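# Remarks on the overall topology
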Amino acid sequence: TANPMLILQGVTNGVLIVVYVLVVNFWLLKDLHTLQRLAIRMVPADYQEDMRRLGQELGEVWQAFLRGQLFVCLAMGSITWVALVIIGMPNAGGLALLAGVMEFLPSVGPGISGTIGTAVALFQGSTWLPVGHVTFAIIALIIYSITAQIENIYLVPNLLGGRVKLHPAVVFIGTINATIVFGALG
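### Points about the layout of surface pockets
- The calculated volume of the largest pocket comes to roughly 460 Å³.
- Around the largest pocket, the lining is made up of 23 residues, and of these Pro 106, Ser 107, Asn 152, Val 156 and Thr 175 lie nearest the centre.
- Secondary structure elements with two or more residues in the lining of the largest pocket: α3 (48-87), α5 (108-124), α6 (133-163) and α7 (168-182).
- When the residues that make up the lining of the largest pocket are grouped by side-chain class, the tally is 13 nonpolar, eight polar and two charged.
- Volume-wise, the second largest pocket comes out at about 360 Å³.
- Taken together, 13 residues make up the lining of the second largest pocket; nearest its centre are Leu 32, Gln 36, Ile 40, Gly 55 and Gln 56.
- For the lining of the second largest pocket, the secondary structure elements donating two or more residues are α2 (32-41) and α3.
- Its residues placed into classes, the lining of the second largest pocket shows six nonpolar, five polar and two charged.

See below:
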């Protein structure tokens, strides 16, 4: 049996970490302009304008990346929802929402949502396909695999790459190389 004090300590640590991150982010965002001015003043005067311009360009690239990521999330949620409704997956809307949100975790997010969706298929079966639960779970796994390939080969390079003004081939090669070198972190 688990020690209740260890469980309480783990929950307390988790809550404190979340509160800490939220509070620090609030203050950093609140005073962002002050921090930016301070950082620019620390740079030699001859380079301050370059630093200002670099910060502005990085901000624009980050915002473009975030918008592209949101489009990928919406697209993957929609594609997953349509595919799951077609095969008769119970709670297709909830699983599609999960698939869209998990896109914010590159590489591992789609795997997590696919695993959960496949488990739902295994335990609940289809609402209309006359197949067994194991067969339906295999069908769901194939659907999740196909949608992951659509994301990796088409959506990310075109939606995300287009937003940050990179050619889709560069984004695709970068994604594959980062995964090869750094695994799930890449």
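### With respect to the packing of α3 against helix α4 (residues 92-102)
- At their nearest, the axes of α3 and α4 sit 8 Å apart, and the two run at 150° to each other. Accordingly, the angle class assigned to the pair α3 and α4 is roughly antiparallel. Crossing geometry of α3 relative to α4 is assigned as right-handed. Of the residues in α4, those in contact with Cys 73, Gly 77, Thr 80, Trp 81, Leu 84 and Val 85 of α3 are Ala 92, Gly 93, Leu 95, Ala 96, Ala 99 and Gly 100.
- Along the lines of polarity and charge, the residues of the contact of α3 with α4 split into eight nonpolar, four polar and no charged.

### Re unusual backbone geometry
- Even without a glycine there, the phi angle at Asn 91 is positive, about 55°.
- Within the secondary structure, Asn 91 sits in the loop between α3 and α4.
- Among the residues examined, Asn 91 registers a relative accessible area of 58% and is labelled exposed.
- Backbone geometry places Lys 165, a non-glycine residue, at a positive phi of 60°.
- Looking at where Lys 165 falls in the secondary structure, it is placed in the loop between α6 and α7.

### Quick look at a nonpolar patch on the surface
- Residues Ile 17, Tyr 20, Val 21, Val 24, Leu 28, Leu 35, Leu 38 and Met 42 make up a contiguous nonpolar surface patch of about 770 Å² in total accessible area.
- Of all the secondary structure elements, the ones that give two or more residues to the nonpolar patch are α1 (4-30) and α2.
- Tallying contributions element by element places α1 first for the nonpolar patch, with five residues.
- Given the relative accessible area of 67%, Met 42 is considered exposed.

### A few points about empty space enclosed by the protein
- As enumerated under the stated definition, the model contains one cavity of 30 Å³ or more in all.
- Computed from the structure, the largest cavity encloses a volume of approximately 60 Å³.
- Contributing elements (two or more residues each) for the lining of the largest cavity: α3, α5 and α6.
- Considering every element that reaches the lining of the largest cavity, the biggest residue donor is α6, with three residues.
- Considering only residue class, the lining of the largest cavity consists of five nonpolar, three polar and one charged.

What counts and how
- Residues numbered from 1 in each chain as written.
- Predicted model: local features only at pLDDT ≥ 70, side-chain atom pairs only at ≥ 80, totals over all residues.
- Heavy atoms only, no water.
- 1 Å grid on protein atoms, 1.4 Å probe; cavity = no way out; pocket = protein on both sides within 12 Å on 5 of 7 lines; lining within 4 Å.
- Points joined across faces, edges and corners; volume = space filled by probe spheres on them.
- Helix = DSSP H or I, 4+ residues; strand = E, 2+ residues; numbered from the N terminus.
- Nonpolar A, V, L, I, M, F, W, Y, C, P; charged D, E, K, R; others polar.
- Axes fitted to C-alpha atoms, helices over the stretch in contact; angles between N-to-C directions.
- Parallel < 35°, antiparallel > 145°, perpendicular 65-115°, else oblique.
- Left-handed = near helix turned anticlockwise from the far one by under 90°.
- Contact = heavy atoms within 4.5 Å.
- Buried < 20%, exposed > 50% of the residue type's maximum accessible area, 1.4 Å probe, protein only.
- Patch = residues over 30% accessible without salt bridge, like charges linked within 9 Å, V, L, I, M, F, W, Y side chains within 5 Å.
- Areas by Shrake-Rupley, 256 points an atom, 1.4 Å probe, with all protein chains shown as cover.
- Salt bridge = Lys/Arg side-chain N within 4 Å of Asp/Glu carboxyl O.

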